[in-house]
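Observations on chain architecture
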Amino acid sequence: MASSSPTPVRFLTGITTSGTPHLGNYVGSVRHSVRFSRQAHVQSFYFLADYHALIKVDEPARIQRSTLEIAATWLACGLDPERVTFYRQSDIAEIPELTWFLTCVTAKGLLNRAHAYKAQMDKSIARGEDPDADVSAGLFMYPVLMGADILMFNAHKVPVGRDQVQHIEMARDMAQRFNHLYGEHFTLPEAEIDDAVATLPGLDGRKMSKSYDNTIPLFTPRAQLQKLIAGIVTDSRAPGEPKETEGSALFQIYQAFADAQETEALRRAFADGIAWGDAKQLLFERIDREIGPLRQAYDTLINDPARIEKILLAGAEKARAISRPFMAELRHAVGLRNLGAARDKAAAPKAAKAARPAFKQYREKDGLYYFKLLDENGSQLLQSLGFASPQEAGRAIGQLRAQRGTALTLLAAQLEPVDNATVRAATDALEALAAAEAAGHKN
Ligand code: TRP
């Protein structure tokens, strides 16, 4: 049923801060995500996964530089930090804490099956080394850290590449296990795979990736962009010879930036035997038309790291407004609790009793049963005469508790005589006692 303000769907995605953004990242993720974040009824969380970067990078300067470059890239490409929650993972102190909670509900056997860790082991095995040779405990635990990223903000959807789907499924497992043990705290996340998003070929025709060293940095200076494009591999067909679009990295990259009409025009040019040099010039101009204005924004941002720092800290505050209270809830759920509060609760009736008026029953040497009413300081307000049985004394007390001031008059014959001031004080004490007991029952 349509509703005027549907609950927003929460999207969350992290970018590991281990490299320099390249055209492949732009086409495959940034461009699409920024556009997407502007939709109505979408609440997005974008974060710089710098804890994840520590798993693969041990150069501090590179982590810092990459964090700056990726943050500047997202902002230059139009991510609006007012509209989305844009933060740095390591600013959220609750993430490592949640990671531990999840670690304790994650089967080791589940982590044994993680692709990222198995791929690393396979490499070692292929080299004839110990399978664990290049596996840090961080790499092994990577899916749990990622689970904490996702579950902390109760994301519904996590846009990822196919290689990350297994991690989202693991996060679901963790959420289910935790919810089963401690109550419904986590939303079960789903992977959102966008197959329409292109993977871009790199300079050598393989997928553009920093691991192949075939990338074109997104915001490389204009002259450098032109030079890199000139280096894209082509076949050796001469000018005038028809060119194949199929399998041409140049054509595919062009297509990722051009509209249908422009693409069609280049297809015809290929058939008509355009020289590779001219085709490269067309590609350069087309990319620069889109990237040029963004590059200007990027250059301004990257030269003002303090501004980026400020934006990220503001984003962290926004994120922690969610993570802080949520973590407090989770701590309580698992039993990490304020002991003082527990004591107060258990001891409250006793402590309160000591500080409130009280009846005292006792038997005297004459064999009769008596009672006294004491004020909160233990001073005597009323003194009964002797009763033949404790039940009779108890009944009189019950009447005083129930009827307070009125009972004082009714029971006058069974009490030691009191002056008016004491009647008032005793009445107040009986009222206070009734009120305290009523409040106590509510607790
Ligand atoms: N592991 C992801 C990658 O390498 C990055 C990442 C970290 C992430 N935490 C995340 C992605 C949470 C989505 C959700 O691409």
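Residues numbered from 1 in each chain as written. Predicted model: local features only at pLDDT ≥ 70, side-chain atom pairs only at ≥ 80, totals over all residues. Heavy atoms only, no water.

Regarding its fold elements, the protein presents 16 helices and eight strands. Principal-axis analysis of the C-alpha atoms gives the protein an extent of 130 × 55 × 45 Å. When each of the 443 residues of the protein is scored for burial, the buried share is 43%. For the protein, long-range pairs separated by at least 24 residues make up 71% of all intrachain contacts whose partners lie at least 6 apart in sequence. A total of about 23,500 Å² of accessible surface is found on the protein, and carbon and sulfur atoms cover 52% of it. For the protein, the distance from the average site of its 52 positive side-chain charges to the average site of its 53 negative ones is 4 Å. (Helix = DSSP H or I, 4+ residues; strand = E, 2+ residues; numbered from the N terminus. Buried < 20%, exposed > 50% of the residue type's maximum accessible area, 1.4 Å probe, protein only. Contact = heavy atoms within 4.5 Å. Areas by Shrake-Rupley, 256 points an atom, 1.4 Å probe, with all protein chains shown as cover. Lys, Arg positive; Asp, Glu negative; His and termini not counted. Charge placed at Lys NZ, Arg CZ, Asp CG, Glu CD.)

In terms of strand pairing, strand β7 (residues 369-374) meets strand β8 (residues 380-383) through three bridges, oriented antiparallel. Residue K372 lies in a different strand from β8, and its bridge partner there is Q383. As consecutive antiparallel partners, β7 and β8 are separated by five residues, and within that stretch G378 has a phi angle of approximately 90°, a positive value. (Pairing = 2+ DSSP bridges.)

Here the protein is described as being made up of domain 1 (9-199 + 304-315), domain 2 (219-301) and domain 3 (337-442). Here domain 1 and domain 3 have C-alpha centroids that lie 63 Å from each other. (Domains from an automatic or database assignment.)

On to the side chain of S248. Secondary-structure assignment places S248 in the loop between α9 (222-230) and α10 (249-257). Here the side chain of S248 touches F251 through a polar contact of 3.0 Å, landing on its backbone nitrogen. Residue contacts for S248: discarding those within four places in its chain leaves F270 and W276. (Polar contact = N/O pair within 3.5 Å; in protein donor to acceptor, adjacent residues only side chain to side chain.)

As a matter of local geometry, the ligand sits amid 13 residues, with T16, H52, Y142, D149 and Q164 nearest to it. Taking D149, its side chain carries an N or O atom lying 2.7 Å from a nitrogen atom of the ligand. Here the ligand has 360 Å² of accessible area as a free molecule, and 87% of this is covered by the chains. Contributions of two or more residues to the shell around the ligand are made by β1 (9-16), β2 (42-49) and α7 (137-152). Residues of the shell around the ligand, tallied by class, amount to seven nonpolar, five polar and one charged. (Near = heavy atom within 4 Å. Nonpolar A, V, L, I, M, F, W, Y, C, P; charged D, E, K, R; others polar.)

Moving on: the pattern of salt bridges. Across all of its chains, the model carries 20 salt bridges by this definition. Of the charged contacts, one joins R331 and E97 as a salt bridge, the two residues approaching to 2.4 Å between their closest N and O atoms. On the criterion of sequence distance, the pair formed by R331 in helix α13 (residues 305-334) and E97 in helix α4 (residues 94-103) is long-range, its members being 234 residues apart. (Salt bridge = Lys/Arg side-chain N within 4 Å of Asp/Glu carboxyl O.)

Okay, the nonpolar core next. Counting residues in hydrophobic clusters, the biggest one holds 54 residues, and the most contacted among them are Y26, W74, F86, F257 and I287. Within the residue set of this core, elements represented by two or more residues are α1 (23-37), β2, α3 (60-76), α9, α10, α11 (260-271), α12 (276-302) and α13. The leading source of residues in this core is α12, at 10 residues. Lining this core are residues from two domains, each supplying at least three of them: domain 1 (9-199 + 304-315) and domain 2 (219-301). Setting aside residues no more than four positions away along its own chain, I287 makes contact with L23, L225, I229, I253, F257 and G292. Core analysis: the next-biggest nonpolar cluster, separate from the first, contains 43 residues, L12, L98, L111 and F178 among them. (Core = buried A, V, L, I, M, F, W, Y, C linked by side-chain atoms within 4.5 Å.)

Quick look at unusual backbone geometry now. Positive phi outside glycine occurs at D213, with the angle close to 55°. By secondary structure assignment, the location of D213 is in the loop between β5 (190-192) and α9.

Here we come to the side chain of S209. Here S209 shows up in the loop between β5 and α9. Using a relative accessible area of 15% as the deciding quantity, one classes S209 as buried. Once residues within four sequence positions are removed from consideration, S209 is found in contact with H22, N214 and T215.

Here α1 is 15 residues long and its end C-alpha atoms lie 20 Å apart, about the 21 Å a rise of 1.5 Å per residue gives. The largest bend along α1 measures about 35° and falls at S29. Those residues of α1 not exposed but buried are L23, G24, Y26, V27, V30, R31, S33, V34, F36 and S37. Considering only its buried residues, α1 is in contact with β1, β2, α3, α10 and α12. (Expected span 1.5 Å × (residues − 1). Bend = angle between axes of the 7 residues up to and from the residue.)

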